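Residue-level listing of the chains:
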Amino acid sequence: MSTTANTIARAEEVITRCKLLAAFSEDAGSIRRTFLSPPMRDCHSEITKWLAVTGAVVTVDAAGNLRALYPGARSDAPRLLLGSHLDTVPNAGAYDGILGVVIAVALLESLEKRHLPFAIEVVAFSEEEGVRFGFPFIGSRALVGSLDEELLNRHDSDGITVRAAIEKFGLNPADLPRTALRDDTLAYLEFHIEQGPILESIGRPLGAVDAIAAQRRMEFVFLGRANHAGTTPMHLRHDAIAAAAEWIVAVEHAAQSHPGLVATVGQISAKPGATNVIAAEARVTLDVRHKSDDILGPAADSLVRMAHDIAERRGLSLRQNILLSQRAVAMDPFLVEQIQEAIRSTGFQPHRMTSGAGHDAMVLAEKVPAAMIFLRSPGGISHDPAESVLTEDVANALECGLHLFDQLANSSELQKRMSRA
Ligand SMILES: [Zn+2]
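Just so it is clear, the model here is predicted, and its values are computed rather than measured.

Engineer: Help me understand the nonpolar core, please; the structure alone is not making it clear to me.
Structural biologist: Soluble globular proteins: nonpolar side chains tend toward being buried together. Counting 107 residues, the largest nonpolar core has Ile47, Leu99, Ile103, Phe118 and Val394 as its most contacted members. It is helix 3 (residues 98-111) that provides the largest number of residues to this core, a total of eleven residues. Contacts of Leu99, omitting those with residues within four sequence positions, involve Val14, Cys18, Ile193, Leu375, Val389 and Val394. Ala214, Ala244, Leu296 and Ala307 belong to the second-largest nonpolar core, a separate cluster that totals 28 residues.

Engineer: I keep staring at the coordination of the zinc ion and nothing clicks. Help me out?
Structural biologist: The reference angle at a metal is 109.5 degrees if four donors form a tetrahedron and 90 or 180 degrees if six donors form an octahedron. Protein coordination of the zinc ion is provided by His85 (NE2), Asp96 (OD) and His192 (NE2), with donor distances spanning 2.0 to 2.2 Å. In the primary sequence, the donor residues of the zinc ion line up as H-x10-D-x95-H. Taken together, the positions of His85 in strand 3 (residues 79-85) and Asp96 in the loop between strand 3 and helix 3 put the pair eleven residues apart, joining distant regions of the chain. The exposure class assigned to His85 is buried, which follows from its relative accessible area of 0%.

Engineer: Please clarify how the pattern of salt bridges should be interpreted in this entry.
Structural biologist: Where charged atoms from two side chains of opposite charge approach closely, those side chains can pair. Applying the stated rule across the entire model yields 28 salt bridges. A salt bridge links Glu46 to Lys49, with the nearest nitrogen and oxygen atoms 3.3 Å apart. Of this pair, Glu46 and Lys49 both sit in helix 2 (residues 38-54), three residues apart, which is roughly one turn of that helix. Among the residues examined, Glu46 registers a relative accessible area of 15% and is labelled buried. In this structure Lys49 comes out as exposed when scored by relative accessible area, which is 53%. Of the charged contacts in the structure, one is a salt bridge between Arg216 and Asp301, with a shortest N-O distance of 3.1 Å. A residue pair is termed long-range when its members are at least 10 positions apart, and Arg216 in strand 7 (residues 214-223) and Asp301 in helix 9 (residues 293-313) qualify at 85 residues. It is possible to trace a salt-bridge network through shared partners that takes in Arg10, Glu13, Arg17, Glu109 and Glu112.

Engineer: Honestly, helix 3 in this entry has me stumped. Any pointers?
Structural biologist: Note on helix geometry: an α-helix contains 3.6 residues per turn, so any two residues three or four positions apart are oriented the same way. In this model helix 3 runs 20 Å from its N-terminal to its C-terminal C-alpha over 14 residues, within 8% of the 20 Å that 1.5 Å per residue would give. Among the residues trailing helix 3, Glu112 stands out with phi positive, at a value near 50°.

Engineer: Explain the side chain of Ser377 to me, please; I cannot follow it from the model alone.
Structural biologist: Within the fold, Ser377 resides in the loop between strand 16 (370-375) and helix 12 (391-409). Note on Ser377: relative accessible area 0%, which makes it buried. A polar side-chain atom of Ser377 sits 3.4 Å from the main-chain amide nitrogen of Glu194. The contact partners of Ser377, leaving out residues within four places of it in the chain, are Ile193, Glu194, Gln195, Gly196, Glu200 and Ser388.

Engineer: Could you clarify how one ought to interpret helix 9 in this entry?
Structural biologist: Helix length check: helix 9 (21 residues) gives 30 Å between terminal C-alpha atoms against 30 Å at 1.5 Å per residue, within 8%. Of the residues making up helix 9, those classed as buried are Leu296, Gly297, Ala299, Ala300, Leu303, Val304, Ala307, Ile310 and Ala311. Where helix 9 is buried, its residues contact strand 7, helix 8 (240-256), strand 9 (262-264), strand 12 (281-290) and strand 13 (317-326). Looking at where helix 9 begins, the residue whose side-chain oxygen comes 3.1 Å from the main-chain nitrogen of Asp294 is Ser292. In the stretch just after helix 9, Gly315 is the one whose phi turns positive, near 70°.

Engineer: Help me out: how do you make sense of the packing of helix 8 against helix 9 in this one?
Structural biologist: Between two packed helices, both the angle of their axes relative to each other and the distance between the axes serve to describe the pair. At their nearest, the axes of helix 8 and helix 9 sit 10 Å apart, and the two run at 150° to each other. In terms of orientation, helix 8 lies roughly antiparallel with respect to helix 9. Considering the relative orientation of helix 8 and helix 9, their crossing is right-handed. The residues of helix 9 that touch helix 8, namely those facing Ala243, Glu246, Trp247, Ala250, Val251 and Ala254, are Leu303, Met306, Ala307, Ile310 and Arg313. Across the contact of helix 8 with helix 9, the residue classes tally to nine nonpolar, no polar and two charged.

Engineer: Teacher, can you tell me more about the pairing of strand 2 (residues 66-70) here?
Structural biologist: Each regular strand shows side chains that alternate between the opposite faces of the sheet. Among the five residues that make up strand 2, four are buried, leaving the element largely enclosed by the rest of the structure. The sheet contact formed by strand 1 (residues 57-60) and strand 2 spans four bridges and is antiparallel. If you follow Val60 over to strand 2, its bridge partner there is Leu66. Joining the antiparallel neighbours strand 1 and strand 2 is a turn of five residues, in which Gly64 adopts a positive phi near 80°.

Engineer: What is the right way to read the side chain of Thr346 from this model?
Structural biologist: For Thr346, the position within the fold is in helix 10 (residues 333-346). According to the relative accessible area criterion, Thr346 is buried, its value standing at 0%. Within polar-contact distance, the side chain of Thr346 engages the backbone nitrogen of Cys400 at 3.4 Å.

Engineer: Hey, could you run me through the packing of aromatic side chains in this one?
Structural biologist: Where two aromatic rings form a pair, the distance of their centres and the angle of their planes describe that pair. Counted according to the given criterion, the structure contains five aromatic pairs. Note on Phe35 and Phe133: the rings are 5.9 Å apart at their centroids and 75° apart in plane angle, and the pair reads as edge-to-face. In this pair, Phe35 sits in the loop between helix 1 (5-22) and helix 2 while Phe133 sits in the loop between strand 4 (119-125) and helix 4 (138-144), placing the two residues 98 residues apart along the sequence.

Engineer: What exactly am I supposed to notice about unusual backbone geometry here?
Structural biologist: What you tend to see is this: most non-glycine residues have negative phi, and most peptide bonds are trans. In this structure, Pro272 follows Lys271 across a cis peptide bond, with omega equal to 0°. Structurally, Pro272 can be placed in the loop between strand 10 (268-271) and strand 11 (277-278). Although it is not a glycine, Leu36 adopts a positive phi angle of roughly 50°. Here Leu36 lies in the loop between helix 1 and helix 2. In this model, Phe137 sits at a positive phi of 70°, which is unusual for a non-glycine residue.

About the cut-offs
Residues numbered from 1 in each chain as written. Predicted model: local features only at pLDDT ≥ 70, side-chain atom pairs only at ≥ 80, totals over all residues. Heavy atoms only, no water. Core = buried A, V, L, I, M, F, W, Y, C linked by side-chain atoms within 4.5 Å. Buried < 20%, exposed > 50% of the residue type's maximum accessible area, 1.4 Å probe, protein only. Helix = DSSP H or I, 4+ residues; strand = E, 2+ residues; numbered from the N terminus. Contact = heavy atoms within 4.5 Å. Donors = N, O, S within 2.8 Å, 3.2 Å for Na, K, Ca; no water. Salt bridge = Lys/Arg side-chain N within 4 Å of Asp/Glu carboxyl O. Expected span 1.5 Å × (residues − 1). Polar contact = N/O pair within 3.5 Å; in protein donor to acceptor, adjacent residues only side chain to side chain. Axes fitted to C-alpha atoms, helices over the stretch in contact; angles between N-to-C directions. Parallel < 35°, antiparallel > 145°, perpendicular 65-115°, else oblique. Left-handed = near helix turned anticlockwise from the far one by under 90°. Nonpolar A, V, L, I, M, F, W, Y, C, P; charged D, E, K, R; others polar. Pairing = 2+ DSSP bridges. Phe/Tyr/Trp six-rings, centres within 6.5 Å; stacked < 30°, edge-to-face > 60°.

Treat this as a map of the structure, not an account of what it does.
So this is what it looks like as structure tokens:
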């Protein structure tokens, strides 16, 4: 164990704070905190109290992101961004996103007023999960300038637009351009729970994320013919559910035979939906991901071809629709190398890994070098109240973060970036 008692105490405080923020919820008895909902304001005021002690200057930008600037050694020092998101899914755990913000605050505290050659800006994003408006990353999109009119005019289930939600929170959408990343931003770093079982399975506390997986989400509708379950012989059927079922199993087999490919049929519904009627229509979804666009594209195309072949052989037709197509996003190689080095300095073998889930870092990477550090997720559980994190892993993350600050402060590569900023 390389962590000091002091770091363990700080890690315990991080976990206590995550649990405290979990109480700011829209739902009684479970955690749900969506974009600019009333509990988000409570969350902001609590975090602001912690940040004020560090000497950071705290503001809330027009997209509802809480931003805290901890000055650098010089007033014109460029900025290192450190953040994650404060919103949650319904019935969430206490750590997804929030942990990254609370770790960032604890890192500022750990500096104990020491100032680095770069300023540190903590960004607590207002929205990442896409729960309220059905599209994700409102907070980080604002920073890269891709929160456009169309997105601002989308509405939630109560008919409130993103723009109206911003106004209702007391913010001014006209100020959105001012949320944009400054030219002197050096990099974006994000601590986040892994939300999967890999680090736990190899017995390592921390991982360096080198890419965020490409993903494609699709919807398929197998169209057969409804008929009587008792009078229609098996060889004269056009059963939409049977066709979908054959394809679902084929999807699983195909993904098992492609290293690194994950494919999921997560939804199925059928019509007319009666015990004694052969299904005329079966609607299924597909979510397929890989870290390489070059592998994902052909693999997804072949799953689509399989659906067509199965439909054709069974005398059915098929409708398909792409719901989402997201290219893989590479993390910055220099930062990934630095993170691995910092994990080694903390006393552990780093593990380079691809994130199967999307993150704010993916959006920020459009404009600035970005990278992520994953913390082991006990049981691989996330998006569930059972989500957790080990105190010693948080302590290791804090140590890793401080090593990272020191490495970056002394890095000639960063110095070059700083002189360009
Ligand atoms: Zn998250």
